Number of protein chains: 2
Amino acid sequence: MTDPGFDFYFDPISPFSYLATTQIDEIARRHQRIVRWHPVLVGVTITKIMGLKPIPETPLKSDYSWMDAERQAAMLDVPLRRHGLKNINSLAVCRAFLWLRDREPDIARQFVRRASAALWVDGRDITPLEFAVSEAASVGVDADGLELALRGPQIKELLAREVDAAIARGVFGVPFFFVDGQALWGCDRLWMLEFKLAHGRWPTKRDWEKVSDLSA
Amino acid sequence: MTDPGFDFYFDPISPFSYLATTQIDEIARRHQRIVRWHPVLVGVTITKIMGLKPIPETPLKSDYSWMDAERQAAMLDVPLRRHGLKNINSLAVCRAFLWLRDREPDIARQFVRRASAALWVDGRDITPLEFAVSEAASVGVDADGLELALRGPQIKELLAREVDAAIARGVFGVPFFFVDGQALWGCDRLWMLEFKLAHGRWPTKRDWEKVSDLSA
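Residues numbered from 1 in each chain as written. Chains lettered and ligands numbered in written order. Predicted model: local features only at pLDDT ≥ 70, side-chain atom pairs only at ≥ 80, totals over all residues. Heavy atoms only, no water.

**Focus on unusual backbone geometry**
Peptide bonds are, in most cases, trans, and in most cases residues other than glycine have a negative phi. Residue and element names in this part refer to chain A. The residue after Val174, namely Pro175, is reached through a cis peptide bond having omega -10°. Among the secondary structure elements, Pro175 is positioned in the loop between α9 (153–169) and β3 (176–179). Of note, the phi angle at Gln32 is positive, near 50°, even though the residue is not glycine. Position of Gln32 among the secondary structure elements: in the loop between α2 (24–30) and β2 (34–39). (Helix = DSSP H or I, 4+ residues; strand = E, 2+ residues; numbered from the N terminus.)

Dropping the structure here:
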């Protein structure tokens, strides 16, 4: 094992990213690996770098994607509710994560899990800076220090650099993973990620045939 | 079980569709189900209906998709080679499939499997009408009858209607499946399809955790 850790790219704006935040730390724990969380802005990547439309504005795929998100939530046994919010973004949450990551990494992850669930379970608007500050305060963070940072230029520059680095590495959707140097995209690939962590290789057809045989 | 069959939408232009053609009849056989093959033109759907670019022209996603196709081919233990062909389409192959399906359904599927592998293993151009005719002849089909049909207007109209029907049903990529009334997209979902056929329900996290535990 060359790298004891693996990388997890999230964006709270995505329901699939939210679903992954409910699972990824437990998966890492089960396999004694460290998971490094990285924020990305998937809307920026899809529209500005890839030249596509956001999924919710894409005919056919938008309906399928939501149905599939609900199916995956049921498979993972976690709540998921469709919100009717428009023009939301995850800038403040992603910036607050970076500020927290350098100070209290466990709380930083907890904060993103809570912010993702606030949007995808409670239907709250995560866009305002005030959301990030009050949510961070509720998990014991220095709210004044965070607010000062969120209003300054440094944290904006830091997130922009993180997003550029992710794009340079090929990250174009969420959740996205790098495990043992290999890229893996999608909440529906968590089972492959888990298999790779357990066995050091990708599963084969024979492996997944066992799932059908063994489950009653 | 309300429907003894399930639906499989293919387009030989896609490496993921090719991979699925190597598996789907065997999966149906293992679970005593009938699989109904349907041709679609995924390039038309992506560009004209969804307003997106083809995957090979989409930054970031194009590289990932090919790497992922190779990974899935390895997982399924089937050959896959990248071709350098440009401006290819699957019109003649899809039309020939429809003509064959009404006459010899088993040969129709065999023909699509062979045509898909011709492109994705042998790197042959499947675009010309002559390709479909000679490939069909090699599996014992009346080549003159097929060529006459491919040059006429009826088969073109028939394929157009099939594609419209698929889009109306929400099919936007390949391989695409409907099983027990539910939509499923992607070669990477074959394990979910197989589980659904075996158990009448989607797998849960507990089911896929068994794969990691049981494979050595």
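From this point on, the discussion continues.
**Describing the side chain of B:Ser65**
Position of B:Ser65 among the secondary structure elements: in helix α4 (residues 61–76). When residues no more than four places from it in sequence are discounted, the contact partners of B:Ser65 are B:Phe16 and B:Ile55. (Contact = heavy atoms within 4.5 Å.)

**Remarks on the relation of the copies chain B and chain A**
The second copy of the chain is related to the first by a rotation about an axis and a shift along the axis. In screw terms, the move from chain B to chain A is a rotation of 180° and a rise of 0.0 Å along the axis, fitting with an RMSD of 0.0 Å. Look at the turn and shift together and you get a two-fold axis relating the two. Both copies share a contact surface, since 100% of the interface residues of chain B are interface residues in chain A too. (Least-squares fit on C-alpha atoms with pLDDT ≥ 70 in both.)

**Looking at the packing of aromatic side chains**
Applying the stated criterion across every chain yields a total of 27 aromatic pairs over all chains. Summarising the aromatic geometry, the rings of A:Phe176 and A:Phe178 are spaced 5.5 Å apart at their centres and angled 45° between planes, so their arrangement reads as tilted. Each member of the pair, A:Phe176 as well as A:Phe178, is classed as buried. Positioned over the ring face of B:Phe178 is B:Arg169, at 3.9 Å from the centre of the ring. (Phe/Tyr/Trp six-rings, centres within 6.5 Å; stacked < 30°, edge-to-face > 60°. Buried < 20%, exposed > 50% of the residue type's maximum accessible area, 1.4 Å probe, protein only. Lys NZ or Arg CZ within 6 Å of the ring centre and 35° of its normal.)

**Brief notes about the confidence of the model for chain A**
Taken over all residues, the pLDDT of chain A has a mean of 93, while the share at 70 or more is 97%. Reported confidence for the predicted complex is 0.92 by ipTM and 0.94 by pTM. (pLDDT = per-residue confidence, 0-100.)

**Some details on the pattern of salt bridges**
All names here are of chain A. Within the structure shown, the criterion is met by 42 salt bridges over all chains. The salt bridge partner of Arg124 is Glu135, with a shortest N-O separation of 3.5 Å. Placement of Arg124 in the loop between α6 (105–120) and α7 (129–137) and of Glu135 in helix α7 is noted, with a sequence separation of 11 residues between them. Where Arg161 meets Glu157, a salt bridge forms, and the shortest distance between an N and an O atom there is 3.7 Å. Pair noted here: Arg161 and Glu157 are both in helix α9, with a separation of four residues, about one helical turn. Residue class for Arg161 comes out partly exposed when judged on its relative accessible area of 48%. Assessed through its relative accessible area of 43%, Glu157 is described here as partly exposed. (Salt bridge = Lys/Arg side-chain N within 4 Å of Asp/Glu carboxyl O.)

**Details of α4(B)**
What sets the pattern is the α-helix's 3.6 residues per turn: residues three or four places apart point alike. Residue and element names in this part refer to chain B. Its 16 residues give α4 an end-to-end C-alpha distance of 22 Å, which sits within 8% of 22 Å, the value for a rise of 1.5 Å per residue. The element α4 is extensively covered by neighbouring structure, given that 12 of its 16 residues are classed as buried. Listing the buried residues of α4 in full gives Lys61, Ser62, Tyr64, Ser65, Trp66, Asp68, Ala69, Arg71, Gln72, Ala73, Met75 and Leu76. (Expected span 1.5 Å × (residues − 1).)

**Brief notes about the sheet that holds strand β1 (residues 5–10) of chain A**
All names here are of chain A. Taken in spatial order, the four strands make up an open sheet running β2-β1-β3-β4, and their pairing is mixed. Unpaired on one side and paired on the other, β2 and β4 (182–185) mark the two borders of the sheet. Here the average twist between neighbouring strands, direction ignored, is 20°. The pairing of β3 with β4 spans four bridges and is antiparallel. Looking across to β4, one finds that Phe176 is bridged to Trp185. (Pairing = 2+ DSSP bridges. Axes fitted to C-alpha atoms, helices over the stretch in contact; angles between N-to-C directions.)

**A short note on the packing of α6(A) against α7(A)**
All names here are of chain A. Between α6 and α7, the least distance of the axes is 10 Å, while the angle of their chain directions is 125°. In terms of orientation, α6 and α7 fall into the oblique class. Note that α6 runs across α7; the crossing there is right-handed. Where α6 approaches α7, its residues Phe111, Arg114, Ala115 and Ala118 are matched on the opposing element by Phe131, Ala132, Glu135 and Ala136. For the contact of α6 with α7, the class distribution of residues is six nonpolar, no polar and two charged. (Parallel < 35°, antiparallel > 145°, perpendicular 65-115°, else oblique. Left-handed = near helix turned anticlockwise from the far one by under 90°. Nonpolar A, V, L, I, M, F, W, Y, C, P; charged D, E, K, R; others polar.)

**A closer look at the interface of chain B and chain A**
Often the size quoted for an interface is simply the accessible area lost on bringing the parts together. With 51 residues of chain B in contact, the opposing surface of chain A contributes 51 residues. For the pair chain B and chain A, the two sides together bury roughly 4,700 Å², of which 63% comes from carbon and sulfur. Counting the surface chain B buries against chain A, the share from its top three residues, B:Leu60, B:Met75 and B:Trp208, is 15%. Across the chain B-chain A interface, the total number found is six salt bridges. Notably, a salt bridge pairs B:Arg30 with A:Glu209, separated by 3.0 Å at the nearest N-O pair. Seen at the junction of chain B and chain A, the total is 16 residue pairs in polar contact (both at pLDDT 80 or more). (Buried area = accessible area lost by both parts, 1.4 Å probe. Polar contact = N/O pair within 3.5 Å; in protein donor to acceptor, adjacent residues only side chain to side chain.)

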